Structures are given as structure tokens and as C-alpha cells.
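# What the coordinates show
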Amino acid sequence: MDEPNKIKVRLYGAGGHAYVIIDTLKSNGYEITDVFDNAPKNSLFASLKVEKVATNYENFPIVGSPMIIAIGNNKIRKKIAKVLDVDYISITHKSAMVATTATIDKGTVVFAGGIVQSNAKIGKHVIINSGASVDHDSIIEDYAHIAPQVTLCGEVHVKEGAFIGANSVVIPKVTIGKWATVGAGSVVIENVPDYSTVVGNPGKVIKKKPKAKEYNLFVKDLKTLEEINVYKELLTNYWCNNVYYTYEYLKYYENSTDELRYFLLTEDGIPATIMPFYIRKIDAIENYKDVITPYGYGGPLCKDCSKTKILNHFWSMVDSWYNKNNIVSEFVRFNLNGNHVNYTGELSATLRNVKGTVKENDEDQWTAFSTKVRNNYRKAEKHELTFKIWEGKDITDSVITAFHDVYIETMVRNQASDIYFFPKQYFESIIYSNRDNFAIAITYKDTIAVSVELVIINNSTLYAFLGGTRAKYFECRPNDFLRVEILKWAVQQEKKFYILGGGLKDDDGLYKSKKVFFPKDDDVIFYTGRKIINKEIYDSLSEPIVSATACDEVCNYFPAYRRPY
């Protein structure tokens, strides 16, 4: 039974350091109600059940008693504190001594025998370990660790994340740099640089770490003309104006409930990753929203996604923002360039996409086709089909009209969803605003446009974006003719890849009609990501499926609370 007069506290961490925290809490009469850990060694800790926390903290209960992070590692302590926006308390062991003019911020612990003298200022989530002494007017910044029996003389300044080893002495007015390490038993008589290691008596620098990169996440609106122009400049200057991320492409899918924004991660002040998204209202509950990325190839756009630390920092900071801004869930459509790596949610290999290598000459390209493509091309030649491609500034209104007429006719014939019936103005907007990134290819029978494709040009890669063929002319094999001719053009332009996309599902007719152009090339996987940030709210919004019949797509719909009935 709970004791009504005791202050209840939660603990994050179930290792050796946590035992010392527990002793400090008990010396002050606190009651520990919950213990959390992301990798608990045992199911029980100090006779309390340990709740395992997911790597993205989705199952952590934000609402609850105040908390202490019982982890000695400074970097891990900082990471948890940044992600979990909860109420933290500071605690001081009953046997410790803290001057009345000293200040101690949230999350900090002063262990048994610790001394904090007059006018000292202790930051957040600091550890003042057993028997350590912090003298007058000293400053200890956030996430630092002052080990047992350390003596910090007057006016010492210990910067963020620094570790001062056991039994060390730091003389008056010395500064210990950010994330620096002072070895056990050292006597420090001069300033210690950031990220360096000092040992000995007198202390000497034996290792200088490279300065840690500084990452910052910005969440930007796309409402005013100034905001839109800033976004366009970023995309052009740092990401070669990738069409799937252009404002004109994104704006089409925005509506009254889906607001367009973007994340921008900077590395030492330089843009490193950008991800547009829609933040959506949830009708069933006030003040909660979810996030989805646009149709097509999206997700975080990196300058170099192979630098996996970039994506680690990006998702860590995005998840922190989600937790602080009542985001319930996230659905991400990734691009084909490996930006799904290190995703903090659940990855799904959603669809195989056909990606082919453009050969160095027409002869090699021709022999790479399947026999079916070569035979269909010969049939098209007998029907005297012709081909033309327009790119950049050569694309005119009449060319867009010809493309659009065939495209819409195809959508009607295929009974496509309403979302695919793009108006002509949409194509005018994305093409005229990004001329260098588009080409329109058309196959003609006499003077009639019979097969069309809108091609996205992203550096050396071509994407078959949208297209169509008039059913009346199927026997002429105009689509095969069109793509062979596009590849001839691609060879001349020294392009490297041609991405045709996938089907509605793997190995369906649409997929097979694309695969014949690159039968020997490996497909690439189109990944999607699903993430639940607030499981309690998510579960309350998601009604269970009563019947399991015909469950496939309905049961797998994400987020479940938006599933169609």
C-alpha cells in the first residue's frame, strides 16, 4: 500500500549507478514507484519490476511521478533527458551538505558526503558523487559527472558533459572544457580544452578529441512566400532540386487538415538533412496529431545518407520533437537511396521497384532487353511510329496538353483513384517551376500522340513519373517503342539509371510490363515506415477488427485509427 506522506519518484536506469540513487532517495524518504530501462538485465531491480522501454521510447508513459535518470554515462543521460520531456527532480543525500546560497537544477543528484559550497551553481542532470567537494562560486554545467572524493576549489568552471575522475583536484579558477575527461587522481592546474583528456600530477593533456559536431533540428512552416523561397533555395543549393521534394510537388497534397511543413537538420550550422511532411489533425481527439510524408519517394533527404550518424541524429531529434508536440504516429514513404537505414520505427519492404542501368552504347542496351521488348519494338517500327522528347525550356503548353490528354484517358480506362486525376495546371506548375528536372516523351502514330511519359531528371538518374497509352493503338506496341527510345536518348545524355517503379503489388502485370526492359538488373526495394509515438492514445483511437475475414489490407492499415471501413 502506498504511504501517503512519501514523495513518489520514477527511476530510469537499472544498473549499478541506480543502486546509489536508490540509497539517496531512501535517505530522504522518497518512494520509488517505477523502474524503466531500455535494456534491463533482469526483470526485477531492487525488488521492483523493470519496464522495458523501446529504442524510440514509444511505450514510455510521459505522464506520471517525477523522475531521476539513474545512469552514470553522461551522453546517455543527456540523450534520455532530451527525448523524455517529463518532470525531473533533484535530490541530495541526507548526509550531504549544500549551502543555502548554492543552486541545484533539475535532475541533479548529490550523493552521500557530497559538499556544495556558497554561491556554487549546479546545472541539470549533474552527478556530484560520494564525498566530492564543490567549493564556492564554482559552476558545474549540465550532464557533468564529479566522481567520488573529487575536490573542486573555488571558482572552478566545469562545462557540459565533462567527467572529473575520482580523487582528482582542480585548483581555483580553472575551466574544464566541454565533454573533457580528467583521469582519476589528477591535479589540474590549468584550463582543459574541450573534448580532451588530462591525467597526472600536474595534469597533462594526453588526448585531444575532435570537436563533436553540433546538430540542430528546425521545424519550418511553408505558408508565406518568404518561407517558400527559403525552402526552394535550400533544395536547390544542397539537394539538386530533387523533384519529389519540390514545393510545387508537395503543395498539391496539402489540404485543410493536412498542413505542409518540413524538418531541417543542420550539422555545425550547415544543412545536412531535410524532410517535408504533413502534420494532420485527428478528428476523434483534440490537441493530438499525426505525421505522414507525401506520395512518392520521400523521407529524409541527406547530402550523404551513408553517413549513418546523420540519420541517427535526425531520427533521435525528430522523435524528441514528436514526444513534445503530441504526435501520435508517423508514416514515412522512403526514397530508393538507402534513407530508410536506422529508422526508429517499424520498416516494411513494401514494393519491389524496377531500376535499370543505362548502358554505354545502344548495342549493349538493345541486347539487355528481353526478347519480348525487342520483338515489340520491331512491330512498332512496322507501324511507322515516331518519337520525340522535349526537355527543359523546350517543353511548351501544347506539349503538356498532348501529354495530359493521353494520361487522363489512361486514368479513366484504368478506373484510377481520384488522386491520380491531376489537372493540367498541376503539371504546368511542377514543370515550369523546375524546367531542368523534366522531360516529356511522346510516341506518335502519324500525327496522333499515342503513348506518353513524363520523365523526372535527377542528376544522372531518370524516373518514369507518370504516363499513359491510348488503348486504340495497343497493337502498335507504342509503349515499348517509347521506352526503348527514351533509353536511346538516355545513352546519348550519359545517364546512369532509369527507374520505372513497381506494380500495385509485387509480380503483378504492371510490374512485369516494366521488368522486361531490365530483366537482368536487380530491383530496389521501396520501404515504408510506421511509428507509434504515443501508444496509449494510439490504442484508444484504434478500434479492434471484429471479424478476421478479408482482413489483409484493412488489418494492416496504418495508422489503424484512419483505416477505411
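The text that follows walks through the structure, step by step, so that each part is easy to find. Just so we're clear, the structure is a prediction, and the values are computed from it rather than from any experiment.

Before going further, it helps to spend a moment on the sheet that holds strand S5 (residues 67-69). Overall, mixed pairing links the five strands, which are arranged S3-S4-S2-S1-S5 in an open sheet. The open sheet has two edge strands with one neighbour each: strand S3 (44-45) and S5. Here strand S1 (residues 8-12) pairs with strand S2 (residues 31-37) via five bridges, running parallel. Directly across from Lys-8, in S2, lies its bridge partner Glu-31. Against the sheet, helix H1 (residues 16-27) touches S1, S2, S3 and S5, its axis set at about 170 degrees to S1.

Turning to the pattern of salt bridges, a few remarks are in order. For side chains bearing opposite charge, pairing can occur when the charged atoms are close. Enumeration according to the criterion identifies 22 salt bridges in this entry. Ionic pairing is found between Glu-51 and Lys-49, a salt bridge with its closest N-O pair at 4.0 Å. Residues Asp-523 and Lys-515 are paired through a salt bridge, measuring 2.8 Å at the closest nitrogen-oxygen approach. A relative accessible area of 15% places Lys-515 in the buried class. When salt bridges with common partners are traced through the structure, they connect Asp-221, Lys-223, Glu-259 and Arg-261 into a single cluster.

This brings us to empty space enclosed by the protein. Scanning all chains against the criterion turns up one cavity of 30 Å³ or more. When its volume is computed, the largest cavity comes out at roughly 40 Å³. The wall of the largest cavity is formed by Asn-242, Tyr-244, Tyr-245, Tyr-297, Asn-335, Leu-336, Asn-337 and Tyr-463. Taken together, the residues of the lining of the largest cavity break down into five nonpolar, three polar and no charged.

It is worth spelling out the layout of surface pockets at this point. One number sums up the size of the second largest pocket: a volume of about 1800 Å³. As for the second largest pocket, its lining consists of 49 residues, of which Lys-75, Lys-78, Lys-213, Tyr-215 and His-313 are closest to the centre. Elements with a minimum of two residues in the lining of the second largest pocket: helix H2 (74-83), strand S25 (215-221) and helix H5 (308-324). Among the residues making up the lining of the second largest pocket, the classes are represented as 17 nonpolar, 15 polar and 17 charged.

This brings us to the sheet that holds strand S12 (residues 127-128). In space, the eight strands of this open sheet follow the order S6-S9-S12-S15-S18-S21-S23-S24, with mixed pairing throughout. This sheet does not close on itself; its edge strands, each paired only once, are strand S6 (91-92) and strand S24 (204-208). Of the pairings in the sheet, the one linking strand S15 (residues 145-146) to strand S18 (residues 163-164) comprises two bridges and is parallel in character. Looking across to S18, one finds that His-145 is bridged to Phe-163.

Quick look at the packing of helix H8 (residues 397-413) against helix H9 (residues 424-433) now. With their axes 10 Å apart at the nearest point, H8 and H9 run at an angle of 135 degrees to one another. In terms of orientation, H8 and H9 fall into the oblique class. Here H8 and H9 pass one another in a crossing that is right-handed. Seen from H8, the contacting residues are Asp-397, Ile-400, Thr-401, Phe-403, His-404 and Tyr-407; seen from H9, they are Lys-424, Phe-427, Glu-428, Ile-431 and Tyr-432. Each residue belonging to the contact of H8 with H9 can be placed in one class, and the counts come to six nonpolar, two polar and three charged.

Taking 1.5 Å as the rise per residue, H8 with 17 residues should run 24 Å; its terminal C-alpha atoms sit 24 Å apart, in good agreement. Along H8, the residues classified as buried are Val-399, Ile-400, Ala-402, Phe-403, His-404, Val-406, Tyr-407, Thr-410 and Met-411. Those residues of H8 hidden inside the fold are in contact with strand S32 (385-391), H9, strand S33 (438-445), strand S34 (448-458) and strand S35 (461-469). Remark: Gln-415 follows H8 within two positions and exhibits a positive phi of approximately 50 degrees.

Moving on, we get to the environment of Asp-362. Tracing the chain through its elements places Asp-362 in helix H6 (residues 362-368). Spatially, the C-alpha atom of Asp-362 lies 22 Å from that of His-383, the residues being 21 residues apart in sequence. Among residues more than four places away in sequence, those in contact with Asp-362 are Lys-488 and Val-491.

Let us now look at the pairing of strand S28 (residues 289-292). Across four bridges, the pairing between strand S27 (residues 270-281) and S28 is antiparallel. Counterpart to Ile-279 in the pairing with S28 is Val-291. Across three bridges, the pairing between S28 and strand S30 (residues 327-333) is parallel. Its bridge partner being in S30, Lys-289 is matched across the sheet by Ile-327.

Looking at the element boundaries, Asn-242 is found in the loop between helix H3 (225-239) and helix H4 (247-251). Take Asn-242: its relative accessible area is 7%, and that puts it in the buried class.

What follows is about a positive patch on the surface. On the surface, a cluster of positive charge is contributed by Lys-75, Lys-207, Lys-209 and Lys-309. Mapping Lys-309 onto the fold places it in helix H5.

Tracing the sequence through the fold places Thr-410 in helix H8. When near neighbours in sequence (up to four residues on either side) are disregarded, Thr-410 contacts Gly-468 and Thr-469.

Each value, and the rule that gives it
- Residues numbered from 1 in each chain as written.
- Predicted model: local features only at pLDDT ≥ 70, side-chain atom pairs only at ≥ 80, totals over all residues.
- Heavy atoms only, no water.
- Pairing = 2+ DSSP bridges.
- Helix = DSSP H or I, 4+ residues; strand = E, 2+ residues; numbered from the N terminus.
- Contact = heavy atoms within 4.5 Å.
- Axes fitted to C-alpha atoms, helices over the stretch in contact; angles between N-to-C directions.
- Salt bridge = Lys/Arg side-chain N within 4 Å of Asp/Glu carboxyl O.
- Buried < 20%, exposed > 50% of the residue type's maximum accessible area, 1.4 Å probe, protein only.
- 1 Å grid on protein atoms, 1.4 Å probe; cavity = no way out; pocket = protein on both sides within 12 Å on 5 of 7 lines; lining within 4 Å.
- Points joined across faces, edges and corners; volume = space filled by probe spheres on them.
- Nonpolar A, V, L, I, M, F, W, Y, C, P; charged D, E, K, R; others polar.
- Parallel < 35°, antiparallel > 145°, perpendicular 65-115°, else oblique.
- Left-handed = near helix turned anticlockwise from the far one by under 90°.
- Expected span 1.5 Å × (residues − 1).
- Patch = residues over 30% accessible without salt bridge, like charges linked within 9 Å, V, L, I, M, F, W, Y side chains within 5 Å.
- Areas by Shrake-Rupley, 256 points an atom, 1.4 Å probe, with all protein chains shown as cover.
- Lys, Arg positive; Asp, Glu negative; His and termini not counted.
- Charge placed at Lys NZ, Arg CZ, Asp CG, Glu CD.

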